[in-house]
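# Observations on chain architecture
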Amino acid sequence: MYGGKGNRRVTVRDIAAAKRRGEKWPMLTAYDAMTASVFDEAGIPVLLVGDSAGNCHLGYDSTVPVTLDQMVMMSAAVVRGTRRTMVVGDLPFGSYQEGAVQALRSATRLMKEAGVGAVKLEGGERSADQIDLLVRSGIPVMAHVGLTPQSVNAYGGHPVQGRGEEAAQQLLRDAKAVQDAGAFAVVLELVTAELAAETTRGLHIPTVGIGAGAECDAQVLVWTDMAGMTDWPGGRMPRFIKEYAKLREVLGGAAKAFAEDVVDGAYPAPEHSFS
């Protein structure tokens, strides 16, 4: 999965085979063609065009305001910027909650207009009917249980999921429900490591962890968090995030160097000009 070459897109069959082999794989978010092309060249096998764009690119306080039109536009850009990676497009809040038929209409737009290879939606048992119809209609579905950010107003924050027997059993039921409905993978977000490990062992589809410990089959991070672009309020970065670069500092330094050259008259120099 990771680091493979060639122009053939990664498919759900490749992901299922990785689960059988016990092979772990990475997933990142992407929202534009240029960034997606970098990750594609790096060998990342799956890119999620997440509604997390609401927080890290569109300036919203949550994912809730993101529209289907915005998801189609960003997903199409990521598809155009990649050759091998599977591109998964998020179904945003309000695009599938009415039921299976609405979910099919929304997912069909992402498939036809953006060219994604799969869609993702949130919810376990409550979203099983939507997943079932999409899969029966030929649309691969990645599910998402545990903390579901589109429900932030119901949670009143971002609490860790699966603590306590009742909560743990509900999460296990949710994961089993999306598997039975036909999902090819399931994201586990902010789930206790022990429960995520138990869930992973009990499923034949892969689990994708984010804040869910090391025993998941795959791991995903929002790319701006991974690369050190996020300006965390009060400097308090969530404990499950690891920064692999300090891109915010690098980009800010480049912008300042450019500005100083302009102010000082050092740019453009003769070699940057035409005669």
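Up top is the structure.
The model shown is predicted, which means the values in this text are computed figures rather than measured ones.

Definitions and limits used
- Residues numbered from 1 in each chain as written.
- Predicted model: local features only at pLDDT ≥ 70, side-chain atom pairs only at ≥ 80, totals over all residues.
- Heavy atoms only, no water.
- Pairing = 2+ DSSP bridges.
- Helix = DSSP H or I, 4+ residues; strand = E, 2+ residues; numbered from the N terminus.
- Axes fitted to C-alpha atoms, helices over the stretch in contact; angles between N-to-C directions.
- Buried < 20%, exposed > 50% of the residue type's maximum accessible area, 1.4 Å probe, protein only.
- Contact = heavy atoms within 4.5 Å.
- Right-handed = clockwise from strand over helix to strand, strands pointing away.
- Core = buried A, V, L, I, M, F, W, Y, C linked by side-chain atoms within 4.5 Å.
- Polar contact = N/O pair within 3.5 Å; in protein donor to acceptor, adjacent residues only side chain to side chain.

## Regarding the sheet that holds strand S2 (residues 46–49)
Spatially, the 8 strands close up into a barrel ordered S1-S2-S3-S4-S5-S6-S7-S8, and their pairing is parallel. Taking the axes of each pair of neighbouring strands and ignoring which way they run, one obtains an average angle of 25 degrees across the sheet.

## Description of helix H9 (residues 193–202)
For an α-helix the count is 3.6 residues per turn, leaving residues at separations of three or four pointing the same way. If you check which residues of H9 are buried, you get Leu-195, Ala-196, Ala-197, Thr-199 and Thr-200. Looking at the buried positions of H9, the neighbouring elements they touch are helix H1 (12–21), helix H8 (165–181), strand S6 (185–189) and strand S7 (207–210).

## Considering the pairing of S6
When you tally the buried positions in S6, you get 5 out of 5 residues, the bulk of the element. Burial along S6 is two-sided: the residues Ala-185, Val-187 and Glu-189 and Val-186 and Leu-188 are all buried. Alignment of strand S5 (residues 141–146) against S6, held across 5 bridges, turns out to be parallel. From the neighbouring strand, His-144 faces S6, where its bridge partner is Val-187. With respect to chirality, the unit in which S6 leads through H9 into the neighbouring parallel S7 is right-handed.

## Details of the nonpolar core
Residues Val-119 and Leu-134 are the most contacted members of the largest nonpolar core, which totals 55 residues. Counting residues per element, this core draws most heavily on helix H4 (residues 68–80), which supplies 7 residues. In this structure Val-119 touches Val-88, Gly-89, Leu-91, Ala-107, Leu-110, Leu-134, Ile-139, Pro-140, Val-141 and Met-142, once residues within four positions along its chain are discounted. Counting residues in each nonpolar core, the second largest holds 19 residues, with Met-1, Met-86, Ala-118 and Ala-218 among its members.

## Re the side chain of Asp-217
Tracing the backbone through its elements, the reader meets Asp-217 in the loop between S7 and strand S8 (218–221). In this structure Asp-217 comes out as buried when scored by relative accessible area, which is 12%. Engagement of the side chain of Asp-217 in a polar contact is seen with the backbone nitrogen of Thr-207, the distance being 2.9 Å. Ignoring anything within four residues of it in the chain, the contact list for Asp-217 reads Lys-19, Glu-23, Lys-24, Trp-25, Thr-200, Ile-205, Pro-206 and Thr-207.

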